[in-house]
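This is what each chain is made of:
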Amino acid sequence: MSLIRFQPIYLERVWGGRKIETLYGRPLPPALVIGESWELVDRKEAQSVVTSAPYQGKTLHELWIHEREKIFGTQAPDVDRFPLLIKILDAQDKLSLQVHPPAQIAKELNSESKTEAWYFVEAQPNAEIFLGVKEGVTESSLTQAIRNHTVIDQLNRYHPQPGEVAFIPAGCLHAIGGGNLIVEVQQNADTTYRLHDWDRVDAQRKLRSLHSNEALKSIIWRGKEMSPHALLEKNPLITPFFSLKQQKFATPFLWKNDPSTFQLIFVVEGRARWGNEILQKGEFVLVPAMDASDEIFPEEPTTFLITQWGF
């Protein structure tokens, strides 16, 4: 079975840019500020479509329903939709200060819980992110700081580096600063509660809507402080929902496939030949669980980011 490729879905965002086009040579919709490329998604409102044989034209949902064990493995979860959502984020400006609800709160609010991770492909020298509130911060002090325009002082602030990864569990208040290009791996959910949007206005000079009550209810106030860290081949990020690892190689190696689960590859750097196919910088491919092991030949030093369901 061949590697499976999908058509990206590009979304305009007020904080986005054109980096996906300039860095990867992808043609973006003209005259739009693109903040997100949904690389793999199975939702009612958005569907990834296969662009490669033998499943060309099929949706990800069709593969999940009709070819689950063959493509996604013997340990694929018994859920209605493909369980992950994979994106590229081009943050040229700050995203809103936001939170995704923990499972119990999501149930109470009739919404979806979401845990995610960010892999930093690029980070400008002054780029920053915010993860969680500082020790001792309370709902009262945070809301007062928002009114006083000092909310940044209440947050854990980090300067990520390319090749690092950050883990954002549900309930963690967070924001991405400008100057970051990120691969985001998350649960298949799309609930975001915005607590603060830096007083930003849209094209009509209107403030974007906030979800203050829901956001405050969703925050885990005593969460463990986190910081971005290097993602190494021997030190993968393992979460309850997916794992991430980085693999660098400059000489041929044998890819040994795992029949229990699929793997998703993003080419961070370089160019490599996989069988009769070429993998180039900025591409995503899905390696089916039942695919035969194959030798990979790098044409230059190459780095893969590998996402896997199951560990």
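Residues numbered from 1 in each chain as written. Predicted model: local features only at pLDDT ≥ 70, side-chain atom pairs only at ≥ 80, totals over all residues. Heavy atoms only, no water.

Participant: Any chance you could break down the layout of surface pockets for me, citing the residues and the numbers?
Facilitator: Take a probe with the size of a water molecule and roll it over the atoms, and the empty space left behind shows itself. In this model, the largest pocket occupies a volume close to 390 Å³. Every residue lining the largest pocket is counted, 22 residues in all, and those nearest its centre are Arg-13, Glu-36, Gln-98, Asp-190 and Thr-192. Broken down by secondary-structure element, the contributors of at least two residues to the lining of the largest pocket are strand E1 (9-17), strand E5 (84-91), strand E7 (116-123), strand E11 (174-176) and strand E12 (180-187). Considering each element in turn, the lining of the largest pocket owes the most residues, 3 residues, to E11. Residue composition of the lining of the largest pocket, by class: 6 nonpolar, 7 polar and 9 charged. (1 Å grid on protein atoms, 1.4 Å probe; cavity = no way out; pocket = protein on both sides within 12 Å on 5 of 7 lines; lining within 4 Å. Points joined across faces, edges and corners; volume = space filled by probe spheres on them. Helix = DSSP H or I, 4+ residues; strand = E, 2+ residues; numbered from the N terminus. Nonpolar A, V, L, I, M, F, W, Y, C, P; charged D, E, K, R; others polar.)

Participant: Hey, could you go over the environment of Pro-29 for me, with residue numbers and the actual values?
Facilitator: For Pro-29, the location among the structural elements is in the loop between helix H1 (19-24) and strand E2 (34-40). Judged by its relative accessible area of 28%, Pro-29 is partly exposed. Placed 18 residues apart in sequence, Pro-29 and Leu-11 show a C-alpha to C-alpha distance of 9.3 Å. When residues no more than four places from it in sequence are discounted, the contact partners of Pro-29 are Tyr-10, Arg-18 and Ile-34. (Buried < 20%, exposed > 50% of the residue type's maximum accessible area, 1.4 Å probe, protein only. Contact = heavy atoms within 4.5 Å.)

Participant: I'd like to hear about unusual backbone geometry, residue by residue, with values.
Facilitator: Note: most peptide bonds trans; most residues except glycine with negative phi. Omega for the peptide link from Ala-53 to Pro-54 comes to 5°, which places this bond in the cis form. Within the secondary structure, Pro-54 is located in the loop between strand E4 (46-47) and helix H2 (60-66). For Asn-110, which is not glycine, the phi torsion reads 55° and is therefore positive. Relative to the helices and strands, Asn-110 is located in the loop between helix H4 (103-108) and E7. By relative accessible area, which is 74% here, Asn-110 ends up exposed. Of note in the backbone geometry, Trp-198 takes a positive phi value of approximately 60° without being a glycine. Here Trp-198 shows up in the loop between strand E13 (193-196) and helix H6 (212-218). Classification of Trp-198 by relative accessible area gives buried; the value is 17%.

Participant: Go over the sheet that holds E1 with me, naming the residues and quoting the values.
Facilitator: On the basis of which strands lie adjacent, the open sheet formed by 7 strands has the order E1-E2-E5-E12-E7-E10-E14 and antiparallel pairing. Unpaired on one side and paired on the other, E1 and strand E14 (229-230) mark the two borders of the sheet. Judged from the 8 bridges that link them, E5 and E12 form a sheet pairing that is antiparallel. Looking at E12, one finds that Ala-91 is bridged to Asn-180. (Pairing = 2+ DSSP bridges.)

Participant: Pulling in residues and values, what's your account of the packing of aromatic side chains?
Facilitator: Evaluated as defined, the whole model comprises 12 aromatic pairs. The interplanar angle of 85° and the centroid separation of 6.1 Å between the aromatic rings of Tyr-24 and Phe-266 together place this pair among those described as edge-to-face. Placement of the pair is Tyr-24 in helix H1 and Phe-266 in strand E18 (residues 263-274), with a sequence separation of 242 residues. Here Phe-266 falls in the buried class, since its relative accessible area comes to 1%. Ring plane angle 85° and centroid distance 5.8 Å describe the contact between Trp-64 and Phe-82, whose orientation is recorded as edge-to-face. In this pair, Trp-64 is assigned in helix H2 and Phe-82 in the loop between helix H3 (68-72) and E5, connecting sequence segments 18 residues apart. (Phe/Tyr/Trp six-rings, centres within 6.5 Å; stacked < 30°, edge-to-face > 60°.)

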